[in-house]
Amino acid sequence: MAAERLFKDKSVVVGVTGGISAYKTVTLCSRLVKAGATVDVILTDAAEEFVRPLTFQALTHRPVITEMFSLLQETEIGHVSLGKKADLMIIAPATANSLAKLTHGLADNMLLTTALACRSPILVAPAMETGMWENSATCANMKTLEERGVNVVGPADGHLASGASGAGRMSEPDEIFNAARKILSRREPLNGFRIVVSAGGTREVIDPVRFIGNRSSGKMGYALAQAASDRGADVVLIHGPTALQNPYGVRDVGVESAEQMRSAVLKAVESADALIMTAAVADYRPVTAAKQKIKKRESGLSLDLVRTTDILAEVAENRTENIRLKAVFGFAAETESLLAHAREKLTRKQLDFIVANDVSASDSGFSVDTNRVTLIDSAGEANELPLMQKQEIAEIIIDRLAGFIKPQ
Ligand code: PMT
């Protein structure tokens, strides 16, 4: 899993303050540990009222810190050592009281002391009643914290502990985890680069209820977008209709037709370092879309189709006008003569790299989680990969892309 690459051997300090949503932080810690992070938990006195230290200790396999002075018996002074070694500190839930203290540099418990000594990025997940969240004192504190570079996730709108509904609900563990993932990715090699990824299939309208489409689920393109984002890139994901969840921190642009995808891609590449076209773009569209539903008749039905524009070829052809664009990668979905057809597309479309995708087997290509591809560079050098998870293939492709756009 890509998240493991980012979290493995990282030290994450999780501070828990006193709020009912502290129980969700248990799930967050479990996710961090599963992703390979070393997690040190610090509880405030109030947090201990909600979740016992033993729960966190059992999950993290590490002692949980609850008292300021017990650590002074250790050879290293706890607040200094934890703050120094941490790659990231997360405070979840962060109550209005703790956020106010953090703003003013108070250090009257172990959590705040560690936060004050912390050299790593800090991520806070506020949780409180709507009135407290909207109070001008809290608003001013949050503004100050953000100006100082503290990262904030949430709060969400929803059901609150009081039974009321409104802003102030702590973000779900998944969202906090993904926000942490995005923060860690900032130290990765593609930070500062913009990559455009297209994904999914397009739909060409026949009439108000019918379209010409294909079986692309978007999985391969979404995996590439996630892998590029995990390496720190600013990713624009242009996709046809899919059932997938947008990767956190990735800008997504939803389109339907090949022409809409063309406009979105041409605009996005103007300020991009690389384009990866994974989308299954329709090669033909109906000459006209019927305004009303076409009625059934006894005889057959013929549709007049015209070619759509080849987006990839158009981008590659005009690349001299765009000095920022350093890499144009394409895919070739083939059911026969895989390498010959892929090589022909690589040359004809003037690409830097093509991923020859064998879509003839049921465990490879459209819709499934696995794929079978051969990577071909512009010199024609081919590297055949075995059947792999799409996420794993995405990691390899993004590593190859990094070689193109990042001078060694
Ligand atoms: O979405 P999934 O279910 O995960 O499936 C993934 C996939 C099989 C769709 C993907 O891995 C893949 O192979 N994508 C390429 C699909 C395709 O349209 O291939 P092609 O050989 O027809 O096109 C060659 C290249 O030209 C592709 O990069 C395509 O995006 C691009 N193209 C095609 C037509 C067009 N009008 N404009 C284009 O830019």
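Shown above is the structure to which this text applies.
First, a word on what this report is: a plain description of the structure on this page.

**Things to note about the packing of helix α2 (residues 22-34) against helix α4 (residues 53-60)**
Helix-helix packing: each pair is described by the crossing angle between the helix axes and the interaxial distance.
Move 1: Across the interface, α2 lies against α4 with an axial gap of 9 Å and an inter-helix angle of 15°. The angle between the axes of α2 and α4 places the two elements in the roughly parallel class. Here the hand of the crossing between α2 and α4 comes out right-handed. Along the contact surface, α2 presents Ala22, Thr25, Val26, Cys29, Ser30 and Val33, while α4 presents Thr55, Phe56, Leu59 and Thr60.
Move 2: Grouping the constituent residues of the contact of α2 with α4 by class yields six nonpolar, four polar and no charged.

**Quick word on the site of the ligand**
Move 1: Surveying the vicinity of the ligand reveals 29 residues, the closest of which are Ser216, Ser217, Lys345, Asn357 and Ser367.
Move 2: In the environment of the ligand, an oxygen atom lies 2.7 Å from a nitrogen or oxygen atom belonging to the backbone of Ala279.
Move 3: Relative to its free-state accessible area of 780 Å², the ligand is covered by the protein chains to the extent of 96%.
Move 4: Of all the secondary-structure elements, those providing two or more residues to the shell around the ligand are α11 (219-230), α13 (311-317) and β16 (327-334).
Move 5: Ranked by the residues each element gives to the shell around the ligand, the list is headed by β16, at four residues.
Move 6: The residue makeup of the shell around the ligand, split by class, is twelve nonpolar, eleven polar and six charged.

**Considerations on the sheet that holds strand β19 (residues 373-377)**
Move 1: A sheet is described by the order of its strands in space; here eight strands give the open sequence β12-β11-β8-β13-β16-β17-β19-β20, paired in mixed fashion. One side of each edge strand has no neighbouring strand; the edge strands of this open sheet are β12 (251-254) and β20 (382-384). Geometrically, the sheet is characterised by an average inter-axis angle of 15° between neighbouring strands, direction not taken into account.
Move 2: The sheet contact formed by strand β13 (residues 274-277) and β16 spans four bridges and is parallel. Note that in β16 the partner of Ile276 across the bridge is Phe329.
Move 3: Each of β16, β17 (353-358), β19 and β20 is contacted by helix α14 (residues 338-348), which is oriented at about 150° to β17, the strand it contacts most.

**Observations regarding the sheet that holds strand β4 (residues 122-126)**
Move 1: Read across the open sheet, the five strands follow the order β2-β1-β3-β4-β5; overall the sheet is parallel. Lying at the two open borders of the sheet, with one neighbouring strand each, are β2 (38-43) and β5 (151-152).
Move 2: Where β4 meets β5, two bridges bridge the pair, whose relative direction is parallel. Residue Val124 lies in a different strand from β5, and its bridge partner there is Val152.

**Quick look at the packing of helix α6 (residues 96-103) against helix α9 (residues 136-147)**
Move 1: Remark: α6 packs on α9, axes separated minimally by 9 Å, with the N-to-C direction vectors making an angle of 50°. In terms of axis orientation, α6 runs oblique to α9. α6 and α9 meet at a crossing whose hand is left-handed. Along its contact with α6, which presents Ala96, Leu99, Ala100, Leu102 and Thr103, the element α9 presents Thr138, Asn141, Met142, Thr144 and Leu145.

**Structural notes on the pattern of salt bridges**
Move 1: In the structure shown here, the tally under the stated rule is 27 salt bridges.
Move 2: The residue Asp234 makes a salt bridge to Arg194 at a minimum N-O spacing of 2.9 Å. Residue Asp234 is located in strand β11 (residues 234-239), and its partner Arg194 is located in strand β8 (residues 194-199); the two are separated by 40 residues in the primary sequence.
Move 3: Residue classification places Asp234 among the partly exposed residues on the basis of a relative accessible area of 28%.
Move 4: As a salt-bridge pair, Asp310 and Lys349 come within 2.5 Å of each other at their nearest N and O atoms. Placement of Asp310 in the loop between β15 (305-307) and α13 and of Lys349 in the loop between α14 and β17 is noted, with a sequence separation of 39 residues between them.

**Examining the packing of aromatic side chains**
Each pair of aromatic rings is reported with the distance of its centres and the angle of its planes.
Move 1: Going through the model one piece at a time under the given rule, you end up with four aromatic pairs.
Move 2: Seen in terms of ring centroids, Phe353 and Phe404 are 6.4 Å apart; in terms of plane orientation they differ by 80°. Their pairing is edge-to-face. In this pair, Phe353 sits in strand β17 while Phe404 sits in helix α15 (residues 390-405), placing the two residues 51 residues apart along the sequence.
Move 3: By relative accessible area, Phe353 is classed as buried at 0%.
Move 4: Phe404 gets classed as partly exposed once you look at its relative accessible area, which sits at 33%.
Move 5: The structure contains a cluster of three or more aromatic residues connected by ring pairs, namely Phe329, Phe353 and Phe404.
Move 6: Against the face of Phe177 rests Arg31, its NZ or CZ located 3.9 Å from the ring centre.
Move 7: Here Arg307 stacks its cationic end above the ring of Tyr284, 5.6 Å away from the centre of that ring.

What counts and what doesn't
- Residue positions are counted from 1 within each chain, in the order its sequence is given.
- Only residues with pLDDT of at least 70 get local features here, since the model is predicted, and only at 80 or more are side-chain atom pairs given and counted; chain-wide, interface and lining totals rely on the full set of residues.
- With hydrogens and water excluded, all non-hydrogen atoms of the structure serve as input to the side-chain values.
- In this description, a line fitted to the C-alpha atoms serves as the axis of each element, helices being fitted only across the stretch in contact, and the angle between N-to-C directions of two axes falls anywhere from 0 to 180 degrees.
- Note on conventions: DSSP H or I runs of at least 4 residues are helices, E runs of at least 2 residues are strands, and numbering of each starts at the N terminus.
- Note that the term roughly parallel is reserved for angles under 35 degrees, roughly antiparallel for angles over 145, roughly perpendicular for angles of 65 to 115, and oblique for everything else.
- Here is the rule for handedness: rotate from the far helix to the near one, and if that takes an anticlockwise turn smaller than a right angle the crossing is left-handed, while a clockwise turn gives right-handed.
- Contact definition: two residues touch when any of their heavy atoms are within 4.5 Å.
- Residue polarity is assigned by list, with Asp, Glu, Lys and Arg as charged and Ala, Val, Leu, Ile, Met, Phe, Trp, Tyr, Cys and Pro as nonpolar; anything else, Gly included, falls into the polar class.
- In these notes, residues near a molecule or strand are those with any non-hydrogen atom within 4 Å of it.
- Between N or O atoms, a polar contact is any pair within 3.5 Å; within protein, one atom must be a potential hydrogen donor and the other a potential acceptor, and residues adjacent in sequence are included only when both atoms are from side chains.
- Throughout, the Shrake-Rupley method with a 1.4 Å probe supplies accessible areas, and for residues the shown protein chains are the sole cover considered.
- Only when DSSP finds a minimum of two bridges between them are two strands counted as paired.
- One speaks of a salt bridge when a side-chain nitrogen belonging to Lys or Arg is within 4 Å of a carboxyl oxygen belonging to Asp or Glu.
- Burial classification: accessible surface area is computed with a 1.4 Å probe over protein chains only, and a residue below 20% of its type maximum counts as buried, one above 50% as exposed, and the rest as partly exposed.
- Pairs were defined over the aromatic rings of Phe, Tyr and Trp, the Trp ring being its six-membered one, requiring ring centres within 6.5 Å. Orientation was assigned from the angle between planes: stacked under 30 degrees, edge-to-face over 60, tilted for the rest.
- Ring-over charges, as used throughout, are those where CZ of Arg or NZ of Lys falls within 6 Å of the ring centre and within 35 degrees of the ring normal.

So far we have only geometry, and geometry alone does not tell us how the molecule works.
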